[in-house]
Every structure is written in C-alpha cells, then in structure tokens.
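Observations on chain architecture
Below are the chains, spelled out letter by letter.
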Amino acid sequence: MALLESSAIDAPPAAGRQRGSGKGGTGRRAVGARRQDNITAYLMIAPMVILLGIFVMWPLAYSGYLSFFKINYYTGSKFVGLQFYHDVLTSDEFWHSLWIGFYYALLVVPIGIILALLLASFIKTLSKRVAAFMKVTVYLPAVVSTVIASVLFTFMYQDDGVVNWFLSLINLAPVAWLNDPQWALPAIAVPGIWLGFGITTLIVLAAMLDIPDSYYESAMLDGANFRQRLFRITIPLLRNVLLYLIVTGFALAVQMIDLPLIMTGGGPVDATTTPNYYIFSQFRSPDPYSRSYALTASLLLFVVLGLVSIAMFRLIRSDKAVDG
Amino acid sequence: MPKRRSTFALVASALFAASLALTACGSGGTAKTQGGKTVVTFWQQKFEDYQQAWFKKEVDAFNASQDKVKVDYQVIPADTWAQKLQAAQAAGNAPDVQTTNYGNIAAAVAGGEIADLDSLMPASAFADIKDNVKSFVTIGGKHYAYPMLVEPSTVLYYRKDLVQAAGLDPNSPPKTWADLLTWAGKLTSGKVKGMTIASVGPDLGWSSWGLQYNACGHLPVADDWSKSVATDPCYAQLLNFYKSLYQSGDMPKTPKVGYADGSPYGNGEVAMMAGGSWVVGQLKASFPAMIAKTAVAPFPSIDGDPTKTTATLGGWTLTVDAKSKAKQQAAQFVNWLLAGDPAIMADFFKASGFSKYTVRSSVDQALASNPDATSDPFMKIISSQVVPYGKAEPAYPWDIALAFGTAIEAAMKGNLSVDAALKKADGQINDVIKKQSLAGTQPTH
Amino acid sequence: MTRKANPVPTRILRKSASGILVVLISLSILFPLAWMAIAGFKGRTEVLRSPFQFFPDMWRWSNYTSIAKDHEFLRAMIVTFVGALIFTALSLAVNSMAAYAFARLEFRGKRFWWVYCILPMFIPMMAILITSFVVVSKLGMLNTLAVLIIPGVASAIQMFFLRQYYLNFPVAVEEAALIDGASRWQIFARVFLPQSAAPFVVVGLGSYLAYWNAYVWPILVVTDPKLTQIMQFLGNFRSDRGNDWGMLMAGSTLAAIPTIILLLIFQRFIVNGVRISGMK
C-alpha cells in the first residue's frame with residue numbers, strides 16, 4: 001500500500017495527473033481487455049439507456065415529429081412544416097421569457113454556489129454534533145415542495161409581511177416586492193436560492209471532506225493564506241463538482257415554473273415570465289394552435305438549454321480524472 | 001470471481017422485476033363496461049367544496065336510479081386540468097363527459113372535440129334554456145353543451161358598517177367610476193384599504209371583460225376578428241380608471257390572492273371589492289360574520305348608465321366528447337342531471353348559497369317558491385340588476401385577452417403610459433390574429 | 001508569560017462567534033418552516049390575515065389532529081413513502097452503474113452515449129409530458145405503482161453527479177486492483193460502492209424528494225384513490241376560490257416529518273474522508 005500513500009501525499013493538487021498516466025497503465029493490458037471493457041460498460045449503462053429510451057427519448061422524438069403538425073386528436077393533425085418554429089422564433093414574448101429565465105439563473109446559481117462554499121467551509125470547522133445539526137438544517141428547506149415554499153414566501157413578501165416589517169425596523173419604506181417589475185424577479189430568486197442551497201452545500205461539503213487535510217497543512221507550512229488556499233487547493237479540486245453544480249443549477253433554474261406560477265402569475269407585466277411559465281400558459285389554452293405552439297416552444301427551449309450547456313462544458317472542461 | 005458481479009446484477013434485476021411486478025398493483029386500464037353496465041367517465045374540474053359534495057351526491061343518485069349506466073366520477077384540480085385533458089385526448093381516453101367553460105366551447109367545436117347534442121338529447125331540454133344563455137351553447141345553429149349555471153364576473157361588494165362610519169350612504173352605492181374612486185378614498189383609513197380589484201395581468205385578462213364592454217360597448221377586437229381595435233379612445237378611459245385606483249394607494253399594492261378569492265374582503269382588510277358572484281358563496285362558507293355587514297351592487301358604470309354591461313356571464317356546462325364510445329349514455333346522464341327534474345338544480349343553487357344563477361326557466365320557477373331563495377338579498381340584486389345586462393365571455397384565444405390585461409397592468413403600475421400600453425396590446429393582438437389566422441373565424445350562433 | 005494568557009480567550013471568542021453564526025444561519029433558514037408549522041395551528045382564514053402575525057390567536061390542534069386521523073392522508077403517506085424508497089433504491093442502482101462506466105471505462109461510442117444520457121436534464125417537462133403519457137398509456141401502466149416509479153428512475157442529474165464524484169477517485173487504487181486481476185465489476189462493487197456513502201446519501205435524498213414532491217405526473221397517470229400520492233392529497237386544500245391554509249400548512253408539516261427523520265438518520269454519512277488514503 002506504499003503505492004497509495006505516496007500518490008496521495010506527494011502529488012501536487014490542481015496540476016493533477018491527467019488521464020494519460022492511466023492509459024499508460026492499461027497499455028499493459030491487451031486489446032482483449034479493452035474489448036472486455038466494452039461489454040462491461042454496455043451492461044452497466046444498459047438499464048439507464050433502455051429506461052431513457054422508452055420514457056424520454058422516444059417521447060422526445062415523437063414530440064419532435066408532432067411539432068411539424070397542427071395537432072388535433074379529433075379531426076386529424078395537419079402538416080404545417082416549420083410554421084410553428086417560425087411563429088415561436090418571431091415571438092417577442094418567447095425571447096423575453098428566455099431572457100427572464102437566464103436572468104433568474106444568473107441570480108440564483110452563482111449566489112447559491114458561493115453561499116454553499118462559504119457554508120460548507122464553515123461547517124467543516126464545527127464539532128461533530130453541531131455539524132450534524134447544521135447539515136440537517138441546511139437541507140430542510142428542500143424538504144418542503146416548491147409549491148409550499150412559494151406560498152410561504154408570498155406571505156412573507158406582503159405589503160405588511162415579515163420582509164417589510166424588517167425594513168421598517170431600519171426605517172425603510174415598504175416595497176411591493178411581488179408587484180414591482182423591478183423587484184419581482186430578485187424577490188422570487190430568494191426562495192429559489194433558499195430551496196436549492198441545502199443540497200448544494202451538502203454536495204460541496206462532501207467533496208470538500210475528500211480533500212486530505214494534509215494538502216492544507218503543507219500549504220500553510222508554505223505560508224499560504226486563506227484566499228490562496230481557497231483558490232489554489234479547494235476550488236481546483238472541486239472542479240468536477242463545481243461543473244456539475246453550475247450546469248445542473250443553470251438547467252434547473254431556467255426551467256423554474258412553480259415560483260412565478262404561484263407567487264406572481266408571471267407578472268408584474270411579464271417580469272417573471274420564465275420560459276416554462278410562458279409555455280405552460282400557452283399550453284392551457286384549449287385551441288389546437290396553442291397546443292402545437294407550446295410544444296414547439298418547449299422543444300426550442302430544449303435546444304437553447306442544450307447549446308448553452310455544451311458551451312459551459314467546454315469552458316469548464318473537466319472530464320478528465322484527477323488524482324487525489 | 002464473477003460472484004460479486006452477478007450478485008450485484010441479480011439484486012439490481014430483482015429490484016427491477018419487483019417494480020415491474022408492481023404493474024399488477026392497481027386497477028389497470030379503464031373498462032368500458034362493469035358488471036353489465038356501460039361506464040361513463042365524468043371529469044369535474046375542482047370547484048368549491050360544496051360543488052364536489054353536490055356532484056358526488058347526484059352521481060350516486062343517478063347510478064342508483066337505474067342499472068344500465070354507471071358514471072365514474074373524478075375530480076381534477078384546476079391547475080392540472082389542461083394537461084390531464086390533453087394527455088387523455090392524445091392517448092385516446094378522453095372522458096365521456098366533462099365540465100366545460102362557456103368561453104372554451106367555440107374552440108372545442110372548431111377542433112371537433114365535442115359532440116353535437118341535438119341528436120342525443122330531447123328538444124324540450126333545450127327549449128327550457130333561458131334566452132340570454134341560449135347563444136352561449138349554440139354554434140352554427142346546433143347545441144354543443146348543456147349549460148349548468150352563470151356567474152357574473154364582476155359585482156361590487158361593500159361593507160355597510162364602514163360605509164356608514166365614513167359618512168356615506170350604504171343604500172346608495174357608487175354609480176359611476178368617479179364615484180367609486182371617491183368612495184375608495186373615503187373608505188381608506190388605517191390598515192383598511194378602500195377597494196380591491198385585479199392588478200395582475202392574467203387576472204385582469206378575464207376580469208376586465210365586463211368593464212371593457214362598459215367603456216366601449218365592445219371588446220378590443222373587430223366583430224369579424226380581422227383586426228385589433230385596442231387603440232379605441234374609450235379604452236384609454238378604462239386604463240385610466242384602473243390606473244387611478246392603483247396609484248391612489250386606496251387598494252393593496254401586492255395582492256395576496258387571485259381575483260377569484262374573496263379572502264381579503266372576508267378578513268376585513270378592504271372595505272369594498274370587485275368580485276364574481278361566487279364570492280357570496282365563499283363568504284357564507286368561510287366568513288359568515290361578514291354576511292350581515294355586506295351589501296352588493298352592480299359594479300359602477302363609466303357614466304352611471306345602469307343598463308350598460310359591467311359583467312360577463314362566465315359559467316360552466318357539461319359536454320360530451322366527440323370520440324366517446326358511450327355518447328348516448330353520457331348524454332343520458334347530462335340530461336338527467338342538468339335538464340331533468342328542476343329540483344336537482346334548485347338544490348345546487350341552494351348549496352351554492354345562491355351565488356350562482358340559473359339558466360333554465362323551470363329552475364327559476366322551482367326557486368321562486370323557495371323561501372331561502374326569495375329572501376336572499378344578494379340574489380335579488382344580482383339577478384335583477386347584473387345578470388340581465390351581462391354579456392358572454394369572448395371566444396377568441398386567451399392570448400388576446402392576456403395581451404389586453406397586461407396592457408392594463410402596465411398602465412396601472414406605471415410601466416407604460418396609457419397610450420403606449422394600448423399601442424403595444426394592439427400590436428400583440430394583431431400578431432395573434434395573423435399567426436392564428438383568426439380573421440373571419442368568429443363563431444356564429 | 002503573556003503568550004500563555006491569550007489562547008484561552010481567543011478560543012472562547014472563536015467558539016462563541018461560531019455559535020452565534022450557527023444560530024443566526026439556522027434561524028434565517030428555518031424561519032419560513034417554523035412559520036409553516038405554526039400556521040398549522042391557525043384557523044382557516046387566520047393564516048392570511050393582515051397584519052402579519054407569527055403566533056395564532058388561539059392554538060387549535062384541530063387541523064393537525066383531523067389530518068393525522070384521516071385515513072386517506074395516512075394511506076397517501078404510506079403509499080408515497082413505499083414508492084419513494086423503491087424509487088430511491090432503483091435510482092441509486094441504475095445511476096451509479098452508469099456513472100461508474102462513464103467515469104472509468106473506455107468503450108466504443110462513449111461520447112455518444114454520454115450525450116444521450118445527459119440530454120434529458122435539458123428537456124423541459126412540457127416537451128414530453130403528453131407523449132410520455134401516451135407511451136405509458138399504451139404500455140398499460142396507468143394506475144399502477146410502476147408508472148410512478150419506473151419512468152423517472154434513470155436520472156441524468158443524479159448520474160451526472162455520481163460520475164463527477166467518481167472522477168475524483170484516485171486512479172491508483174484501481175490500477176493496483178486491475179494488476180491483481182480484478183474485473184471492473186469487482187472494482188465497482190468493492191472499491192467504489194463502499195466509498196459511495198456520502199454521494200449516495202446526496203443522490204438518495206435527491207431522488208427521494210423528487211419522488212415525494214412530484215405533483216403533475218401522479219395526477220396525470222393515477223386516478224385510483226388507493227394510489228393517491230401525498231402531494232395530490234395536499235393539493236386538495238388548494239383552490240382558486242380560497243385555500244384552506246391552516247389545513248394545508250398542517251398537512252405539509254406532517255408530510256415533511258418522515259423526510260426529516262430520514263435526513264437525521266442519514267446525514268452522518270456525509271463525514272470526513274473515510275476514503276482514499278483510508279483504503280486497506
């Protein structure tokens with residue numbers, strides 16, 4: 001096991017050994033072993049691939065097919081080619097909702113991750129029992145559904161609710177949080193962050209706990225301060241996890257619908273009309289046009305999300321194994 | 001050793017198989033017949049509790065009264081109604097009977113989704129429908145739905161005691177919009193606001209239809225749906241009215257609940273409210289103490305003319321699905337429930353606290369001899385002063401209504417000037433008309 | 001000598017600062033939840049009242065007791081709980097295998113399958129809601145427990161997370177094991193799985209909550225009252241025309257209890273590195 005200890009302690013972090021060294025190792029194994037990897041791998045991804053195929057990919061393909069029609073289950077669907085794509089892409093409201101979705105994600109994701117990093121660092125310093133208490137506390141908001149959280153915060157944002165009550169304590173005038181076009185989106189970002197940062201904190205904490213203390217110790221011996229330790233050790237080693245948090249945080253944030261649905265009805269004046277909210281309100285109309293329109297809009301949203309995420313993956317490239 | 005691998009795989013596939021076996025748990029698909037009876041699926045959109053109770057009672061009674069048809073009654077929450085219905089339509093198992101809003105009938109007929117009832121129900125059933133409601137369920141001369149009730153969308157509720165305390169006369173409620181603004185100002189004191197009305201785009205979209213008629217005599221779309229007329233100067237007055245009310249500070253700036261919910265008034269936070277007739281039912285059920293202190297009146301008219309429309313008559317019907325495999329039996333149920341013994345519907349209106357209004361002459365007669373009905377103060381005023389002047393809800397796509405509602409909102413909250421807001425709505429409405437090729441597709445009755 | 005006198009006060013200072021921070025953070029996080037639990041004691045219309053009031057005029061237990069005694073509530077809780085457990089177990093199994101394969105194995109078409117497995121994360125629900133309903137309807141799965149569980153088991157998000165976590169495992173251990181002749185399966189089962197306690201708790205909780213809080217899909221696919229899920233049940237207290245706030249808050253609080261208990265039990269697995277260098 002000497003092999004282990006040396007690689008764990010001496011190897012400098014961040015610069016990390018790339019997958020190349022791993023491949024060097026497998027060079028010793030014959031091509032036959034590589035083929036064996038194929039079968040093993042396929043077996044391992046098979047359940048996922050099959051389940052996704054039946055319940056996600058096939059419906060997606062079917063939806064894609066339907067988006068070229070004006071859907072009607074009674075008189076038969078009419079082929080219209082790219083008409084709905086054209087209608088959606090030329091719709092100001094659609095682009096506006098995309099902007100709102102991105103703006104919301106920009107508010108929720110970075111703040112959430114920063115808070116999580118801070119909190120996780122803090123929890124690391126706590127004693128076992130207090131840490132246990134904090135771990136549970138931080139995660140508790142996620143236990144209530146988004147719907148209930150929306151209701152709770154709607155009450156808190158009332159003209160005479162808790163938030164304005166706090167403002168009155170420091171002599172500021174009450175704000176119509178949910179009815180002011182300027183404040184509505186930041187206002188609903190708060191429950192958005194509140195709901196998600198528990199799991200983010202726990203994820204960051206779990207990843208942080210995997211960083212051997214020895215790294216920090218040797219860094220401190222070399223005279224590194226907190227900031228240097230954070231940026232040179234913690235963040236690079238958390239790169240994989242951070243990529244995950246950023247990409248999924250973004251994907252989920254843009255798809256937020258419950259908060260604006262219950263708290264603001266997409267208002268005021270479309271200030272909180274997120275993409276899914278826009279699609280949903282189209283979907284609710286009973287006429288065939290709106291249904292097909294909503295379907296096409298949701299497929300276009302998918303394309304947008306996919307493209308942006310590809311860009312993020314490229315930017316935070318971290319699909320390489322990192323030695324501990 | 002392959003032991004570990006196979007153990008793991010074994011466990012995984014065992015779990016998998018177990019859950020597939022759970023496919024056996026539950027009742028499986030829907031049967032069209034059950035014990036020799038034809039099954040008719042009936043979906044009711046969730047309304048007030050008393051409605052669910054009434055429907056359940058009547059469905060049970062219908063099922064017990066004969067042995068050919070069994071109605072399978074399901075309640076669907078309003079927020080998932082559209083998704084559940086569309087999903088069922090896509091999968092080919094839409095319900096045989098469903099509650100349908102008047103406003104959706106035209107679109108459903110255009111899409112071929114609901115059956116023509118003339119061949120399924122006796123003509124006498126349709127003859128019984130009151131004149132003002134007949135056109136609501138008729139398209140192209142045929143009946144596609146049987147109406148159940150109407151509920152005016154806008155009525156003025158006010159607190160007699162607070163009005164008196166402010167030095168105003170509770171027996172002479174505001175008649176013009178200007179009067180209302182004055183009252184709202186006088187009734188705002190301390191924590192109590194004088195008035196509340198819709199202030200969010202989606203709510204304004206439908207709750208302002210009545211006032212749109214009031215201001216201009218028509219809706220912001222040409223009669224043949226060929227273009228928008230949102231920039232008609234009379235609409236500027238409408239937007240200015242909403243704007244004055246909001247900016248004056250006499251109404252709550254952040255609504256706690258939607259327009260349809262009368263809780264703030266029930267809790268005493270506002271002295272007056274604009275609400276649908278259903279609020280009477282909510283007050284009676286949840287805020288009984290308010291009933292004695294409350295009076296109703298038609299919503300003020302722009303120039304005080306009481307014969308001008310101030311409310312649209314929303315309401316619900318039952319329709320039969322065009323692809324239903326049990327159309328005859330479905331219609332039999334609808335006929336028994338809505339067009340049959342007037343006592344059944346009279347019972348419904350009683351359960352609603354007379355917050356909904358009849359659509360059949362025979363039910364009117366049944367209620368005329370009901371002392372609770374004749375003595376209800378709200379019912380008298382609403383049925384004689386509001387319902388007769390009510391107009392139908394528009395049948396054009398919701399996008400148009402929402403565009404106009406958002407324009408009102410933008411003006412109220414000062415985002416856009418009144419003219420700019422109307423201009424924007426005008427553009428949006430024309431865009432909808434163009435994209436959906438609406439010109440000339442307005443329903444004919 | 002002065003050196004010795006200082007460390008004690010500093011330590012106390014640090015501890016109390018830490019303590020204050022804990023209290024402040026906990027209060028701000030828990031405030032809305034506390035409000036929810038207490039609102040359960042309020043009357044139907046009291047919850048909504050202005051001005052904002054934290055404690056009820058009169059503590060009424062009726063909301064809590066009437067829900068706790070309601071058979072349908074209990075059944076919904078049990079059915080949802082059982083479903084959530086099965087769902088979580090399956091989800092962990094399926095997603096962890098795929099995560100390991102993507103993190104550690106090289107195989108033909110890996111890129112393609114990776115994209116395939118990650119893509120669902122970006123698909124808005126509305127895009128496939130109707131079509132996936134048609135699929136499960138044609139498969140005859142409606143009104144079963146399976147339709148609530150199976151479609152969601154393969155989760156791009158959970159698999160992605162596990163894969164990132166597995167990427168952080170040191171390659172060295174595996175190389176040693178491979179040299180010793182172990183198969184990939186064995187490595188997965190003996191090296192990765194035992195070390196996965198922390199991420200499994202995270203993913204497990206995530207899956208559990210996703211199942212527990214699901215609202216739209218259960219309404220679409222289940223009409224049998226015996227299979228009513230807890231969110232459907234609570235949804236009964238909400239309506240356009242006046243919610244029953246007291247009951248809704250009480251119900252939500254009660255519904256949160258099993259989850260909180262699970263959280264209390266499993267949080268201990270998110271602990272200091274049992275891993276890497278601790279390998280025997």
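Residues numbered from 1 in each chain as written. Chains lettered and ligands numbered in written order. Predicted model: local features only at pLDDT ≥ 70, side-chain atom pairs only at ≥ 80, totals over all residues. Heavy atoms only, no water.

Of regular secondary structure, chain B possesses 21 helices and 13 strands. Taking 2.2 N^0.38 as the reference for a compact globule, 445 residues should give roughly 22 Å; the C-alpha atoms of chain B span a radius of gyration of 25 Å, in line with that estimate. Across its three principal axes, chain B shows a C-alpha extent of roughly 85 × 70 × 50 Å. Residue burial in chain B is summarised as follows: out of 445 residues, 59% are buried. A sequence separation of at least 24 residues applies to 75% of the contacts in chain B between residues at least 6 apart. As presented, chain B carries roughly 16400 Å² of accessible surface, and 56% of it is formed by carbon and sulfur atoms. Of the charged side chains in chain B, 40 are positive and 38 negative; the average position of the first set lies 7 Å away from that of the second. (Helix = DSSP H or I, 4+ residues; strand = E, 2+ residues; numbered from the N terminus. Rg over C-alpha atoms; globule rule 2.2 N^0.38 Å. Buried < 20%, exposed > 50% of the residue type's maximum accessible area, 1.4 Å probe, protein only. Contact = heavy atoms within 4.5 Å. Areas by Shrake-Rupley, 256 points an atom, 1.4 Å probe, with all protein chains shown as cover. Lys, Arg positive; Asp, Glu negative; His and termini not counted. Charge placed at Lys NZ, Arg CZ, Asp CG, Glu CD.)

On to the domain arrangement of chain B, then. In many analyses, interface size is given as the accessible surface area lost on bringing the parts together. Residue and element names in this part refer to chain B. Domain parsing of chain B yields domain 1 (7-151 + 313-376) and domain 2 (154-310). Its C-alpha centre places domain 1 at a distance of 32 Å from the equivalent point of domain 2. At the junction of the two partners, domain 1 supplies nine residues and domain 2 supplies five residues. At the boundary of domain 1 with domain 2, total buried surface from both sides reaches about 520 Å², with 55% on carbon and sulfur atoms. (Domains from an automatic or database assignment. Buried area = accessible area lost by both parts, 1.4 Å probe.)

All names here are of chain B. Counted under the stated rule, the structure contains one disulfide over all chains. Disulfide pairing is shown between C216 and C234; the S-S distance is 2.0 Å. The S-S bond linking C216 to C234 shows a torsion near 120°; that makes this disulfide right-handed. Of this pair, C216 sits in helix α10 (residues 209-216) while C234 sits in helix α11 (residues 233-247), and the two are 18 residues apart along the sequence. (Disulfide = S-S within 2.5 Å.)

Moving on to the packing of aromatic side chains. Residue and element names in this part refer to chain C. Scanning the model with the defined rule gives 62 aromatic pairs over all chains in all. Plain terms: the ring middles of F55 and W59 are 6.0 Å apart, the flat faces sit at 40° to each other, and that makes the pair tilted. For F55, a relative accessible area of 46% translates into the label partly exposed. Ring centres of W114 and F160 lie 5.9 Å apart, and the angle between their planes is 70°; on these two criteria the pair is classed as edge-to-face. Separated by 46 residues along the polypeptide, W114 in helix α5 (residues 110-118) and F160 in helix α8 (residues 156-167) bring together distant segments of the chain. Each member of the pair, W114 together with F160, is buried. (Phe/Tyr/Trp six-rings, centres within 6.5 Å; stacked < 30°, edge-to-face > 60°.)

On the surface, C:I257, C:I261, C:I265, C:F266 and C:F269 cluster together into a nonpolar patch covering about 420 Å² of accessible area. Overall, C:I265 belongs to the partly exposed group, its relative accessible area being 40%. (Patch = residues over 30% accessible without salt bridge, like charges linked within 9 Å, V, L, I, M, F, W, Y side chains within 5 Å. Salt bridge = Lys/Arg side-chain N within 4 Å of Asp/Glu carboxyl O.)

Residues and elements named next belong to chain B. The four strands lie next to each other as β9-β10-β8-β11, forming an open sheet whose pairing is mixed. Looking along the sheet, the strands with just one partner apiece sit at the ends: β9 (193-196) and β11 (294-298). Direction aside, the axes of adjacent strands within the sheet are offset by 15° on average. Bridge count between strand β8 (residues 155-159) and β11: five bridges; the pairing is antiparallel. (Pairing = 2+ DSSP bridges. Axes fitted to C-alpha atoms, helices over the stretch in contact; angles between N-to-C directions.)

Before going further, it helps to spend a moment on the pattern of salt bridges. Residue and element names in this part refer to chain B. According to the stated counting rule, one finds 16 salt bridges over all chains in the structure shown. Measuring nitrogen to oxygen at the nearest pair gives 2.8 Å for the salt bridge that ties K413 to E409. If you follow the salt bridges from partner to partner, you end up with E48, E151 and K356 in one network.

Quick look at the interface of chain B and chain C now. Taken together, the contact between chain B and chain C spans 43 residues of the former and 47 residues of the latter. Buried area between chain B and chain C, summed over both chains or domains, comes out near 3900 Å², and the portion from carbon and sulfur atoms is 63%. Our enumeration of links across chain B and chain C arrives at one salt bridge. Our count for the chain B to chain C interface comes out at five residue pairs in polar contact (both at pLDDT 80 or more). The set of elements that each furnish at least two residues to the side of chain B that touches chain C consists of α1 (3-21), α3 (81-91) and α13 (278-286) of chain B. (Polar contact = N/O pair within 3.5 Å; in protein donor to acceptor, adjacent residues only side chain to side chain.)

Residue-level contacts link 102 residues of chain A with 106 residues of chain C. Taken together, both faces of the contact between chain A and chain C bury some 9300 Å²; the carbon and sulfur share is 76%. The largest share of the area that chain A buries against chain C comes from A:M44, A:M48 and A:F55, three residues that together contribute 8% of it. Where chain A packs against chain C, one counts zero salt bridges. Looking at side-chain class alone, the side of chain A that touches chain C contains 72 nonpolar, 19 polar and eleven charged residues. (Nonpolar A, V, L, I, M, F, W, Y, C, P; charged D, E, K, R; others polar.)

What follows is about the packing of helix α4 (residues 71-104) of chain C against α8(C). Residue and element names in this part refer to chain C. Two numbers describe how α4 lies on α8: the axes approach to 8 Å, and their chain directions differ by 45°. As far as their axial angle goes, α8 and α4 are oblique. Seen along the crossing, α4 lies across α8 with a hand that is right-handed. Contacts between α4 and α8 involve N95, S96, A98, A99, Y100, F102, A103 and R104 on the former and, on the latter, Q158, M159, L162, R163, Y166 and L167. Grouping the constituent residues of the contact of α4 with α8 by class yields nine nonpolar, three polar and two charged. (Parallel < 35°, antiparallel > 145°, perpendicular 65-115°, else oblique. Left-handed = near helix turned anticlockwise from the far one by under 90°.)

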